[in-house]
Amino acid sequence: MSTRTLVSPATLARPRGRAVYWTVFTGVVVLFAIAFLFPVYWMVTGAMKSPDEVAKTPPTLAPKEWRLSGYSDAWDLMQLPQHLWNTVVQAAGAWLFQLVFCTAAAYALSRLKPAFGKVILGGILATLMVPAQALVVPKYLTVADLPLIHTSLLNDPLAIWLPAVANAFNLYLLKRFFDQIPRDVLEAAEIDGAGKLRTLWSIVLPMSRPVLGVVSIFALVAVWQDFLWPLMVFSDTGKQPISVALVQLSQNIQLTVLIAAMVIASIPMVALFLVFQRHIIAGISAGSTKG
C-alpha cells in the first residue's frame with residue numbers, strides 16, 4: 001500500500017527538490033521557534049532592564065545594561081520562597097489525592113464492573129459539561145461549612161486538595177487506559193492467586209506509568225496555574241500560592257520586579273515539562289492503541 005505525501009519521493013530524489021524541501025522545512029521550523037520562544041525571551045530580558053527602559057517606546061530588543069537586581073528584589077520583596085512553598089504543598093497534595101482516588105475509581109469502573117457502573121460513569125462525565133465557574137459558589141459553600149462535621153476548610157490546603165479529587169477528565173483518561181490492558185495478563189495474575197488489590201498494585205500500576213505521568217502533569221499544572229479558587233479560599237496572605245501572591249503584592253512593586261517574579265514562578269512548570277515531555281507524549285499515545 002503506497003503512502004501519499006505532500007512531496008513525492010521522485011522530487012526528493014532530485015538534488016534541487018531536496019534542497020527546496022529542506023529550505024522550506026527549516027524556515028517553517030525557525031519561524032515557529034521564534035513565535036514560541038520570543039515571548040519567553042522578552043519576559044526574561046524585560047526583568048533585566050531598568051524601569052525606564054521597560055516603559056520606553058519603541059521598546060528595546062535587548063537591555064542596554066544587563067542587571068540581575070530585578071530577580072533578587074523579586075525573591076526578597078515579594079516573599080517568593082514562602083509562596084512557592086505554599087504552591088508546592090497545595091499542588092503535591094492535590095496530585096497525591098487525585099492519583100490515589102482517581103486511579104481507584106477508574107480501576108473499579110474498568111475492571112471490577114460494579115452495579116450501575118455505566119450510569120455512574122455517565123454521571124461523572126456529565127460534570128464535564130458544567131462550566132467551572134458555575135461550580136465555584138457550591139464548592140465555596142461546601143468548604144466553608146463542611147457537611148456532617150460542620151467545620152471550615154478555609155485557609156487550609158484541604159480546600160485545594162479535596163475539590164481536586166473530583167476530576168472527571170483524569171478519571172476517564174485512566175479508565176480508558178485500563179480498558180486497553182490485555183485481559184490475558186489480568187487472568188494470569190488471578191490464576192496465580194493475586195486478588196483485585198494485588199493485581200492493581202503489582203500488575204496494573206506498573207503498566208500504567210505513561211498515563212499516570214500524564215495525569216500527574218495535568219494535576220500539578222491545574223493547581224499551579226489556578227487563580228480564582230485559591231483567591232477565594234485563602235484570605236490569609238501568608239498561605240496564598242504564587243499565582244495569587246503575584247497579584248496581591250504587585251500594587252507598589254516596580255514592573256521589572258514583577259516581571260522577574262513571573263519568570264521565577266514559571267520556571268518549575270517549564271522544567272517539569274522539559275523533564276517529562278517524553279512521558280507526556282507516551283501517555284497520550286498509549287491509550288490510543290490496543291494490546
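Shown above is the structure to which this text applies.
Worth saying up front: this structure is predicted, and the values here are computed from it rather than measured.

Asker: Residues and numbers for the packing of helix H10 (residues 183-191) against helix H11 (residues 196-207), please.
Answerer: The geometry of H10 relative to H11 is characterised by a closest axis approach of 10 Å and an angle of 155° between their N-to-C directions. Between H10 and H11, the angle falls in the class roughly antiparallel. In this structure, the crossing between H10 and H11 has a hand that is right-handed. Residues Val-185, Leu-186 and Ala-189 of H10 form the contact with H11, whose participating residues are Thr-199, Ile-203, Val-204 and Met-207. Among the residues making up the contact of H10 with H11, the classes are represented as six nonpolar, one polar and no charged.

Asker: Explain unusual backbone geometry to me, using residue names and the numbers behind them.
Answerer: Glycine aside, the phi torsion of most residues is negative, and most peptide linkages are trans. Following Thr-57, the chain continues to Pro-58 via a peptide bond in cis, the omega torsion being -5°. When you line up the elements, Pro-58 lands in the loop between helix H3 (51-54) and helix H4 (69-77). Unusually for a residue other than glycine, Leu-148 sits at a positive phi of about 75°. By the element assignment, Leu-148 lies in the loop between helix H7 (136-144) and helix H8 (158-165).

Asker: Which residues make up the environment of Ser-69, and what values go with them?
Answerer: Relative to the helices and strands, Ser-69 resides in helix H4. Its relative accessible area of 35% is what places Ser-69 among the partly exposed residues. The sequence separation of Ser-69 and Ala-265 amounts to 196 residues, and the corresponding C-alpha distance is 17 Å.

Asker: Let's hear about the side chain of Thr-60: which residues, and what values?
Answerer: The topology assignment puts Thr-60 in the loop between H3 and H4. We classify Thr-60 as buried; its relative accessible area is 12%. Only 2.8 Å separates the side chain of Thr-60 from the side chain of Glu-53, close enough to count as a polar contact. Ignoring any residue separated from it by four or fewer positions in sequence, one finds Thr-60 in contact with Trp-42, Lys-49 and Glu-53.

Asker: Explain the packing of helix H5 (residues 80-112) against helix H9 (residues 168-180) to me, using residue names and the numbers behind them.
Answerer: One can describe the packing of H5 onto H9 by two numbers: an axis separation of 8 Å at closest approach and a directional angle of 45°. One way to sum up the angle between H5 and H9 is to call them oblique. The hand of the H5/H9 crossing is right-handed. Together, Gln-98, Cys-102, Thr-103, Ala-105, Ala-106, Tyr-107, Leu-109, Ser-110 and Arg-111 of H5 and Asn-170, Leu-171, Leu-174, Lys-175, Phe-178, Asp-179 and Gln-180 of H9 make up the contact between the two elements. Across the contact of H5 with H9, the residue classes tally to eight nonpolar, five polar and three charged.

Asker: So, the side chain of Gln-98: which residues are in play, and what are the values?
Answerer: Mapped onto the elements, Gln-98 comes out in helix H5. According to the relative accessible area criterion, Gln-98 is buried, its value standing at 3%. Only 2.8 Å separates the side chain of Gln-98 from the side chain of Asn-170, close enough to count as a polar contact. Sequence-distant contacts of Gln-98, defined by excluding residues within four places in its chain, comprise Thr-103, Ala-164, Val-165, Asn-167, Asn-170 and Ala-219.

Asker: Which residues make up the pattern of salt bridges, and what are the values?
Answerer: All chains considered together, the criterion is met by three salt bridges. Across the salt bridge formed by Asp-179 and Lys-175, the nearest N and O atoms sit 2.9 Å from each other. On the criterion of helical spacing, the pair formed by Asp-179 and Lys-175 is a turn pair, its members being four residues apart in helix H9. For Asp-179, a relative accessible area of 26% translates into the label partly exposed. With its nearest N and O atoms 3.4 Å apart, the salt bridge here joins Glu-187 to Arg-183. Taken together, the positions of Glu-187 and Arg-183, both in helix H10 and four residues apart, correspond to about one turn of that helix. On the basis of relative accessibility, which here comes to 53%, the residue Arg-183 falls in the exposed class.

Scoring rules and cut-offs
- Residues numbered from 1 in each chain as written.
- Predicted model: local features only at pLDDT ≥ 70, side-chain atom pairs only at ≥ 80, totals over all residues.
- Heavy atoms only, no water.
- Axes fitted to C-alpha atoms, helices over the stretch in contact; angles between N-to-C directions.
- Helix = DSSP H or I, 4+ residues; strand = E, 2+ residues; numbered from the N terminus.
- Parallel < 35°, antiparallel > 145°, perpendicular 65-115°, else oblique.
- Left-handed = near helix turned anticlockwise from the far one by under 90°.
- Contact = heavy atoms within 4.5 Å.
- Nonpolar A, V, L, I, M, F, W, Y, C, P; charged D, E, K, R; others polar.
- Buried < 20%, exposed > 50% of the residue type's maximum accessible area, 1.4 Å probe, protein only.
- Polar contact = N/O pair within 3.5 Å; in protein donor to acceptor, adjacent residues only side chain to side chain.
- Salt bridge = Lys/Arg side-chain N within 4 Å of Asp/Glu carboxyl O.

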